[in-house]
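Listed below, chain by chain, are the residues.
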Amino acid sequence: MNPYVLMILLSSLGLGTTLTFASSHWLLAWMGLEINTLAITPLMAQHHHPRAVEATTKYFLTQATAAAMILFASTTNAWMTGEWNITDLSDPLANTMFMTALALKIGLAPMHFWMPEVMQGLDLLTGLILSTWQKLAPFALIIQTAQNIDPLLLTLLGVTSTLVGGWGGLNQTQLRKILAYSSIAHMGWMIIVIQYAPQLTLIALGTYIIMTSAAFPTLKMSLTTKLSTLATTWSKNPILTATTALVLLSLGGLPPLTGFMPKWLILQELTKQDLPIIATIMALAALISLYFYLRLCYAMTLTISPNTTNSTTPWRTQTTQTSMPLALFTMATLGLLPMTPTILMLAT
């Protein structure tokens, strides 16, 4: 892709998100979301592969539907209350419609069906943008309006997403689909606590972005997109394989890695709010997710590939990819747990 075009598209991505962050008017927020969608569409289709074009089409249709619902919800709210302000979302119908639209935007279950399919058709860097940056603007809107939305709806979305995210990833062999289901599960953890402690949602979103920003470049560095090629990476780059296993366990939420921090804080908050049953369901759903991360770790570090794969032979050649961001994100993914009190103090 032409570097000038790429610069314009990435600037538009930043502009769309910033516009939604800064807006207090529904139309401005909607405009930011639309700029975001239109900016990432060419990035998704840049390889001109049929799978990429199919994924782009699915993504565009889904996001356009969600944007239309947001516009309809905000117009309904303005009609009923005479207010266009984001925080004045007092009409119950507009509330529910708005939350459903944003759930479709970020891929919360049961509006998640587009997410694994779209992720499977993209290259790893565009998949990284879709999993991290594209979640920021919708989450800014959800956090601003969470207090007006029906608590039962938020709880249902959170629990369903965590269960579906764990369950859906169990039988997958494609790594991008596994990361998509991982994203759905993490979104569920963020949504479940948003009505009680929005700062914990921000901490969970931040740690999820750090962990995903370590996982995607790791797979790109080792040129793997499916489980069978993951088993051959140990011969190509043993140190990277070891850190990849730890990054995956951090995504699963095992102590003493960074991924344990948001899960621990969210479970603690749910128990404080006298919701032991929901806390237990969330903890058990985290175990389901942990199983497929352990499956990846087992395939990668504890087995030797029994047959020759039909993928490119992995020679130990010098890579031309930049490894500094990967190193920084990997360090953050593995070692931020002792910083929990500091992070909590900064967030509250």
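Residues numbered from 1 in each chain as written. Predicted model: local features only at pLDDT ≥ 70, side-chain atom pairs only at ≥ 80, totals over all residues. Heavy atoms only, no water.

1. Observations concerning the UniProt feature "transmembrane region" (unreviewed entry) in the protein chain
Convention followed: UniProt positions are given in the numbering used here, feature names are shortened, and annotations may be inferred rather than shown by experiment. A run of H or I in DSSP counts as a helix once it spans at least four residues, and a run of E counts as a strand once it spans at least two, with each numbered from the N terminus.
As recorded in UniProt, the sites labelled "transmembrane region" (unreviewed entry) are residues 57–80, 92–113, 152–171, 178–196, 202–219, 239–257, 277–294 and 326–347. A distance of 26 Å separates the end C-alpha atoms of residues 277–294, which is 100% helix and 0% strand.

2. Considerations on the environment of Phe 216
Note the threshold: Buried, partly exposed and exposed residues are distinguished by accessible area as a fraction of the type maximum, computed with a 1.4 Å probe on protein chains only: under 20%, between the cut-offs, and over 50%, respectively. A contact between two residues is defined here by any heavy atoms of the two lying within 4.5 Å.
Position of Phe 216 among the secondary structure elements: in helix H10 (residues 198–221). Assessed through its relative accessible area of 2%, Phe 216 is described here as buried. C-alpha separation for the pair Phe 216 and Ser 228, spaced 12 residues apart in sequence, amounts to 17 Å. In this structure Phe 216 touches Met 119, Leu 124, Gly 127, Leu 128, Ser 131 and Leu 179, once residues within four positions along its chain are discounted.

3. Side note on the side chain of Ser 23
What counts is decided by this rule: Polar contact is defined as a pair of N or O atoms within 3.5 Å, subject to the rule that within protein one atom must be able to donate a hydrogen and the other to accept it, and that residues adjacent in sequence are counted only when both atoms are side-chain atoms.
The residue Ser 23 is located in the loop between helix H1 (3–22) and helix H2 (26–44) in this model. On the basis of relative accessibility, which here comes to 5%, the residue Ser 23 falls in the buried class. Within the structure, Ser 23 has its side chain in polar contact with the backbone nitrogen of Ala 29 (distance 3.4 Å). Sequence-distant contacts of Ser 23, that is, excluding residues within four places in its chain, are made with Leu 28, Ala 29, Ile 86 and Gln 144.

4. Considerations on the packing of aromatic side chains
Basically, it comes down to this: Two rings from Phe, Tyr or Trp (for Trp, the six-membered ring) form a pair when their centres are within 6.5 Å of each other. A pair whose planes differ by under 30 degrees is stacked, one over 60 is edge-to-face, and the rest are tilted.
Within the structure shown, the criterion is met by 4 aromatic pairs. Taking the centre distance of 4.5 Å and the plane angle of 70 degrees together, the rings of Trp 26 and Phe 98 count as edge-to-face. One end of the pair, Trp 26, is in helix H2; the other, Phe 98, is in helix H4 (residues 92–106), with 72 residues separating them in the sequence. We classify Trp 26 as buried; its relative accessible area is 1%. Judged by relative accessible area, which is 1%, Phe 98 ranks as buried. The interplanar angle of 5 degrees and the centroid separation of 5.9 Å between the aromatic rings of Phe 260 and Trp 264 together place this pair among those described as stacked. Of this pair, Phe 260 and Trp 264 both sit in helix H14 (residues 260–272), 4 residues apart, which is roughly one turn of that helix. According to the relative accessible area criterion, Phe 260 is partly exposed, its value standing at 24%. Overall, Trp 264 belongs to the partly exposed group, its relative accessible area being 38%.

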